[in-house]
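One letter stands for each residue in the lines below.
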Amino acid sequence: MIQGKKIIVIVTASIAAYKSALFVRLLIKQGADVQVLMSESATEFITPLTLSTLSKKPVLIDFVKDKTGEWNNHVDLGLWADLIVFAPASANSIAKCVHGLCDNLISAVYLSAKCPVFFAPAMDLDMYKHPSTQSNLKQLQIYGNHIIPSEFGELASGLIGEGRMAEPEHIVEFIEKYFSSKNIFSGKKVLITAGATQEAIDPVRFISNHSTGKMGYAIAENFAQKGAEVTLVSGITSLPIPQNVKVVKAPSAQEMFEACHNIIEDIDICVFSAAVADYRPKEMAKEKIKKNSPEMVLELVKNVDIAATLGKNKKSNQTFVGFALETNNETENALKKLESKNFDMIILNSLQDAGAGFAHDTNKISIMTRAGKRIDFELKSKKDVADDIVQTILQEKFQ
Ligand code: CTP
């Protein structure tokens, strides 16, 4: 997978820089074309000579070479690479990338890059746990970067905890996995519904729910990263649009149904992750309702069940995946929905699991298939859960 790939390895200042020699060697052995970039302070931890010998190319550190006027072109480097990996990524380099600071060659290359960028953080455990670092890592992911999680073990300080740079072999596995899955859904059309719907009561009020849309957006992003043509029919969220995903805004259940109905014919895979309001006010008042009486009765009518309605005409070459968010009798309710909505798979979230469901960055799911299989997953970040879901769809339906 790595053979012939152009990879920029960025080494920043951390004691883990000594492991970058092994990492570069592994990439070269697998046939990658490696260009190493170092921050000035990283040269205190490992010599450029070591890394240039292993990568078979001079290491680049400065914009300008030896005051000759010759310079390292960050734009060309950013366009040349198939992949960039910060290994090790120090807390400082992570913070600079988050904020777009651009005072050296590596940050200029990062800002110019068109390819995927991976970060393998390395720092002491308290620095790693610090809310600033954790929020920076999240922000990098929001920008579409990939984080290779730090590992647990003894740190340079002698303390034991999380913060060690992932072992070079593990970083290589991450990169291999990325390249092997890159185009796996190429040619497939995917529809995702996500977010909460809003059902208007009057021009200023509505009925809705707590869904943030994070799970559906992460699934859309993951499919797009694997080469699918993705349409995200989105209810109300404040999330940024994932890269290479077409978004159709659909604030109400009826608008969401129409947006899906218009394109479902050509769709190969559909994941219904939206939290659709089951009922809407029978009439939307044209004017703001005044509080004239001590009590008020709102008459509601049932909304269209998008998944069930589209499921009735599902074609044999289409895969439909639904969600079930349950508070009790979870498995039984989820299995009923799997049948009644004609899903191929259902993803169960239980609100009884801490960290699962709405308003968290994490989720804990079980996937049940029509063929009677059940897979239980650990509590993970929604991005990792999205990867589990997409990988399961791949294994169960396309391999
Ligand atoms: N769904 C849908 N349209 C609706 C309601 C739900 O497409 N009007 C989809 C959801 O996106 C999800 C699945 O159906 O994939 C199950 O949704 P859920 O809210 O758990 O179930 P409901 O069918 O609404 O049943 P209940 O609220 O009674 O549990």
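Within every chain, residues take consecutive numbers counted from 1 along the sequence as written. Where totals are concerned, whole chains, interfaces and linings use all residues; where local detail is concerned, this predicted model gives features only for residues with pLDDT of at least 70, and gives and counts side-chain atom pairs only at 80 or more. In computing side-chain values, all of the structure's heavy atoms are included and hydrogens and water are not.

Chemist: Is there a simple way to think about the pairing of strand β4 (residues 117-121) in this case?
Modeler: Sheet faces and side chains relate simply in a regular strand, where the side chains alternate between the two faces. Whether a residue is buried, partly exposed or exposed follows from its accessible area with a 1.4 Å probe, protein chains only, as a fraction of its type maximum: under 20%, in between, or over 50%, in that order. Each helix is a run of DSSP H or I of at least 4 residues and each strand a run of E of at least 2, with the numbering of both proceeding from the N terminus. By the criterion of burial, β4 is predominantly enclosed, with five of the five residues buried. Here β4 shows a buried face lined by V117, F119 and P121 and a second buried face lined by F118 and A120. A pair of strands is labelled paired if DSSP reports no fewer than 2 bridges between them. Here strand β3 (residues 83-89) pairs with β4 via four bridges, running parallel. Bridge assignment links F86 to a residue of β4, and that residue is F119. The sheet contact formed by β4 and strand β5 (residues 146-147) spans two bridges and is parallel. In the sheet register, F119 faces β5, and the bridge partner there is I147.

Chemist: What am I meant to see in the site of the ligand here?
Modeler: Only heavy atoms are used to decide nearness, and a residue is near a molecule or strand if one of them lies within 4 Å of it. With respect to spatial proximity, 14 residues lie near the ligand, and among them F272, A274, F323, K337 and K341 are the closest. Side-chain atoms alone can form a polar contact between residues adjacent in sequence; in general such a contact is a pair of N or O atoms within 3.5 Å, and within protein one must be able to donate a hydrogen while the other accepts it. Within the side chain of K341, an N or O atom sits 2.5 Å from an oxygen atom of the ligand. If the ligand stood free it would expose 570 Å²; the protein chains cover 75% of that surface. Of all the elements in the fold, those that place two or more residues in the shell around the ligand are α11 (306-312) and β16 (319-326). Top element by residues in the shell around the ligand is β16. It accounts for four residues. Here the residues of the shell around the ligand are counted per class, giving nine nonpolar, one polar and four charged. All accessibility values rest on the Shrake-Rupley procedure with a 1.4 Å probe; residue burial counts only the protein chains present in the view. Charged means Asp, Glu, Lys or Arg here, nonpolar means Ala, Val, Leu, Ile, Met, Phe, Trp, Tyr, Cys or Pro, and polar covers whatever is left, Gly included.

Chemist: Looking at this model, I keep getting lost on the sheet that holds strand β2 (residues 33-38). Mind explaining?
Modeler: Hydrogen bonds between backbone groups are what pair the strands of a sheet, and the pairing can be parallel or antiparallel. Spatial strand order, β2-β1-β3-β4-β5: five strands in an open sheet with parallel pairing. Two strands in the sheet have a free side with no partner beyond their single neighbour: β2 and β5. Here strand β1 (residues 6-11) runs beside β3; their pairing, made up of four bridges, is parallel. If you follow I7 over to β3, its bridge partner there is L83.

Chemist: How do you make sense of the sheet that holds strand β20 (residues 374-376) when you look at a structure like this?
Modeler: Spatially, the eight strands line up as an open sheet ordered β12-β11-β8-β13-β16-β17-β19-β20, and their pairing is mixed. The sheet is open, and its two edges are formed by β12 (245-249) and β20, each paired on a single side. Geometrically, the sheet is characterised by an average inter-axis angle of 15° between neighbouring strands, direction not taken into account. Of the strand pairs in this sheet, strand β17 (residues 345-350) and strand β19 (residues 365-369) are connected by five bridges, and their pairing is antiparallel. Within β19, the position partnered with I346 by the bridge is M368. Comment: axis = line fitted to C-alpha atoms, over the contacting stretch for helices; angle = value between 0 and 180 degrees taken between N-to-C directions.

Chemist: Mind showing me how you'd approach the domain arrangement of the chain here?
Modeler: Interface extent is often summarised as the accessible area lost during association of the parts. Entries for the chain in the domain assignment read domain 1 (6-180) and domain 2 (189-397). Distance between the C-alpha centres of domain 1 and domain 2: 37 Å. Any two residues having at least one pair of non-hydrogen atoms within 4.5 Å are treated as being in contact. With seven residues of domain 1 in contact, the opposing surface of domain 2 contributes eight residues. Between domain 1 and domain 2 the total buried area reaches about 480 Å² when both faces are included, carbon and sulfur atoms providing 47% of it. Reported buried area values correspond to the accessible surface (1.4 Å probe) lost by two parts on association, with both partners' losses combined. The largest contributions to the domain 1 side of the interface with domain 2 come from Q141, I142 and K177, which together make up 53% of the buried area. When a carboxyl oxygen of Asp or Glu is within 4 Å of a side-chain nitrogen of Lys or Arg, the pair counts as a salt bridge. Joining domain 1 to domain 2, the criterion identifies one salt bridge. In this structure, the salt-bridge partner of K177 is D387, at a minimum N-O distance of 3.2 Å. At the junction of domain 1 and domain 2, the tally comes to two residue pairs in polar contact (both at pLDDT 80 or more). Sorting elements by how many residues they give to the side of domain 1 that touches domain 2 places helix α7 (residues 131-142) first, with three residues. Across the side of domain 1 that touches domain 2, the residue classes tally to two nonpolar, three polar and two charged. Each domain's extent was defined by an automatic or database domain assignment.

Chemist: Help me understand unusual backbone geometry in this model?
Modeler: Among all residues save glycine, negative phi is the norm, and among peptide bonds the norm is trans. The omega angle of the peptide bond from A87 to P88 is 0°, so this bond is cis rather than trans. Positive phi outside glycine occurs at N329, with the angle close to 40°. Assignment of secondary structure puts N329 in the loop between β16 and α12 (330-340). Among the residues examined, N329 registers a relative accessible area of 46% and is labelled partly exposed.

Chemist: Help me out: how do you make sense of the packing of helix α1 (residues 17-29) against helix α8 (residues 168-181) in this one?
Modeler: What describes two packed helices is the angle between their axes and the distance between those same axes. Interaxial distance between α1 and α8 falls to 9 Å at its minimum, and their mutual angle equals 45°. Comparing the axis directions of α1 and α8 gives the class oblique. Along this stretch, α1 crosses α8, giving a crossing that reads as right-handed. For the pair α1 and α8, contact is made by K19, L22, F23, L26 and L27 and by P168, E169, I171, V172 and I175, respectively. Split into classes, the residues belonging to the contact of α1 with α8 amount to eight nonpolar, no polar and two charged. Throughout, the term roughly parallel applies to angles under 35 degrees, roughly antiparallel to angles over 145, roughly perpendicular to angles from 65 to 115, and oblique to all others. Here is the rule for handedness: rotate from the far helix to the near one, and if that takes an anticlockwise turn smaller than a right angle the crossing is left-handed, while a clockwise turn gives right-handed.

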